[in-house]
Protein chains: 2
Amino acid sequence: MTAPAAKVRRGRKFDQVLNGAREIFMRDGFEGASVDDIARAAGVSKATLYSYFPDKKLLFMEVANTQCALQADEALHTIDMSQPPSIVLPQIGNSFLGFILSDMGQRIFRICVAEADRFPELGRAFYNSGPKKVHGAITDYIQAAADRGELRVSDCALAADQFAELCKSDIWPRLVFGISTSFTKAEKARVVDGAIATFMARYGV
Amino acid sequence: MTAPAAKVRRGRKFDQVLNGAREIFMRDGFEGASVDDIARAAGVSKATLYSYFPDKKLLFMEVANTQCALQADEALHTIDMSQPPSIVLPQIGNSFLGFILSDMGQRIFRICVAEADRFPELGRAFYNSGPKKVHGAITDYIQAAADRGELRVSDCALAADQFAELCKSDIWPRLVFGISTSFTKAEKARVVDGAIATFMARYGV
DNA sequence: GTCCATATAAACTGGTTGGTTCAGTTTGGG
DNA sequence: CCCAAACTGAACCAACCAGTTTATATGGAC
């Protein structure tokens, strides 16, 4: 499942190549990154690089998948399914916002969005290893809380999407278009608290 | 204000160039579009193109600004500030969703997001001529409705952002990562109706 | 008719790119 | 100690690109 990466040879310097690729891709984007730069950053010859990966695309896919799965899994550990919404929603909101605002999350997102038409499997891979997992986890939690009578919700999937979107209010558009690059605790609190208040107004018991 | 485009000469074939540029940029993105292609599509020689625009960036800025202002203005005309939320919110939601889903809106968005680090003024220009205007208009409406006692809201700006975000639930992530490319009326209705229900649960009188 | 700004096609500059090739060096297991 | 597999560095290729230049043509004003 996690390794659909056909045609990718493993070997001694595999991780070296992957790390160099991550560094340069994150710095320069997909088109912007040159394979020569990556090989140099990885401390590896271009020939070696091409002996591991058949082309630039597959190399990038490997980087994106690895990073995304890593970040998403980490974020999901913070959810304690047995706690009530008043405890869990702030946790979800904050860690979700943290991921959205992180340098890594932002850059992968940028690259995926940019390349999504000419490179559709990339967008899908990113979606599956990131947003989809998070969405599934939130949905599951909402369902569990509803079963316990802590929430009243008929369309759990939509509720999960709504909560995630609410957490991006104001901050995310400003970030994505480069209006602001960092946000104060107060700004984040305003958004997360607002998201929870709106969510609970609709779905609270 | 709307024409920071210094150094852009107007003239007979100005619109021709602009149209060709729009076509190719929308098809191939910023990096992907070659100036030769644009000149060919515009039915103009490369020398002529460069006599109007000093470089590729400025040409793209002009295209993006023009398109974005056009789309945003059109969308804003649909808001009748004097009507109650039960009338206006569906209008806003639908036309907002329409813009988000439109080929043009989506492509400009993609390009802006992709190029935002290496080309920051583009992101800012897009934000100002699009999202910012829409956000301002929604905020104004919410304020007006609140003044009439039709809504109860303390942070109008945040409420506006929340409504816009709510309208993107589910649909937008799937679109942006290429999971789905078109949506049924039912799918859109589910999201817009859900957005309104959640919004009104929090802010309704 | 001639002048002048504007337009043209095409060649050219100087550069970058992804990907290949290959002669030779390093590495590690048996 | 030896050999095969892995790795290296550098040259190489064909394609593509933004932007400039040149020599030529058009067409309206006087």
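Residues numbered from 1 in each chain as written. Chains lettered and ligands numbered in written order. Predicted model: local features only at pLDDT ≥ 70, side-chain atom pairs only at ≥ 80, totals over all residues. Heavy atoms only, no water.

- Going by an unreviewed UniProt entry, chain A carries the name Transcriptional regulator, TetR family and comes from Puniceibacterium sediminis.

### Notes on helix H5 (residues 85–101) of chain A
Residue and element names in this part refer to chain A.
- When the terminal C-alpha atoms of H5 are compared, their 23 Å separation across 17 residues agrees well with the 24 Å that a helix rising 1.5 Å per residue should span.
- Inspection of H5 places Pro 85, Val 88, Leu 89, Ile 92, Gly 93, Phe 96, Leu 97, Ile 100 and Leu 101 among the buried residues, and these make up the whole buried set.
- Tucked into the core, H5 has its buried residues touching helix H6 (103–115), helix H8 (131–147), helix H9 (156–166), helix H10 (171–176) and helix H11 (185–203). (Helix = DSSP H or I, 4+ residues; strand = E, 2+ residues; numbered from the N terminus. Expected span 1.5 Å × (residues − 1). Buried < 20%, exposed > 50% of the residue type's maximum accessible area, 1.4 Å probe, protein only. Contact = heavy atoms within 4.5 Å.)

### Points about the UniProt feature "domain: HTH tetR-type" (unreviewed entry) in chain A
- If you check UniProt for "domain: HTH tetR-type" (unreviewed entry), the listed places come out as residues 11–71 of chain A in our numbering.
- The distance separating the terminal C-alpha atoms of residues 11–71 of chain A is 24 Å; by composition the span is 75% helix and 0% strand. (UniProt positions renumbered as here; feature names shortened; annotations may be inferred.)

### Considering the interface of chain A and chain B
- On the side of chain B, 42 residues touch chain A, which itself brings 42 residues to the contact.
- Across the interface of chain A and chain B, roughly 3,700 Å² is buried in total on both sides, 63% from carbon and sulfur atoms.
- The largest per-residue losses of area from chain A upon contact with chain B belong to A:Tyr127, A:Glu165 and A:Phe177, which jointly make up 18% of the total buried on that side.
- Our enumeration of links across chain A and chain B arrives at 2 salt bridges.
- Notably, a salt bridge pairs A:Arg190 with B:Asp155, separated by 2.7 Å at the nearest N-O pair.
- There are 12 residue pairs in polar contact (both at pLDDT 80 or more) connecting chain A and chain B.
- Elements represented by at least two residues in the side of chain A that touches chain B include exactly H6, helix H7 (120–129), H9, H10 and H11 of chain A.
- With 9 residues, the top contributor of residues to the side of chain A that touches chain B is H11(A).
- Among the residues forming the side of chain A that touches chain B, the class breakdown is 21 nonpolar, 7 polar and 14 charged. (Buried area = accessible area lost by both parts, 1.4 Å probe. Salt bridge = Lys/Arg side-chain N within 4 Å of Asp/Glu carboxyl O. Polar contact = N/O pair within 3.5 Å; in protein donor to acceptor, adjacent residues only side chain to side chain. Nonpolar A, V, L, I, M, F, W, Y, C, P; charged D, E, K, R; others polar.)

### Some thoughts on the packing of aromatic side chains
- The final tally for this structure, using the stated rule, is 25 aromatic pairs over all chains.
- With 6.2 Å between their ring centres and 45 degrees between their planes, A:Tyr127 and B:Phe177 make a pair best called tilted. Of this pair, A:Tyr127 sits in helix H7 while B:Phe177 is found in the loop between helix H10 (171–176) and helix H11 (185–203), placing the two residues in two different chains. Residue A:Tyr127 shares its accessibility class with B:Phe177, and that shared class is buried.
- Between the aromatic rings of B:Phe109 and B:Trp172, the centroid separation amounts to 5.6 Å while the plane-to-plane angle is 75 degrees, which identifies the pairing as edge-to-face. You can see B:Phe109 sitting in helix H6 (residues 103–115) and its partner B:Trp172 sitting in helix H10, a full 63 residues away along the chain.
- Taken together, A:Phe109, A:Phe126, A:Tyr127, A:Trp172, A:Phe177, B:Phe109, B:Phe126, B:Tyr127, B:Trp172 and B:Phe177 form an aromatic cluster joined through their ring pairs. (Phe/Tyr/Trp six-rings, centres within 6.5 Å; stacked < 30°, edge-to-face > 60°.)

### A look at the protein's contact with DNA strand C
- Surveying the vicinity of DNA strand C reveals 17 residues, the closest of which are A:Lys46, A:Tyr50, A:Lys56, B:Lys13 and B:Thr48.
- Within 4 Å of the protein, the contacting atoms of DNA strand C are drawn from sugar and phosphate to the extent of 62%.
- One of the side-chain N or O atoms of A:Lys46 is found 2.4 Å from a base nitrogen in DNA strand C.
- Within the side chain of B:Lys13, a nitrogen or oxygen atom sits 2.9 Å from a phosphate oxygen of DNA strand C.
- Taken together, the elements giving at least two residues each to the surface near DNA strand C come down to helix H3 (46–52) of chain A together with helix H3 (46–52) of chain B. (Near = heavy atom within 4 Å.)

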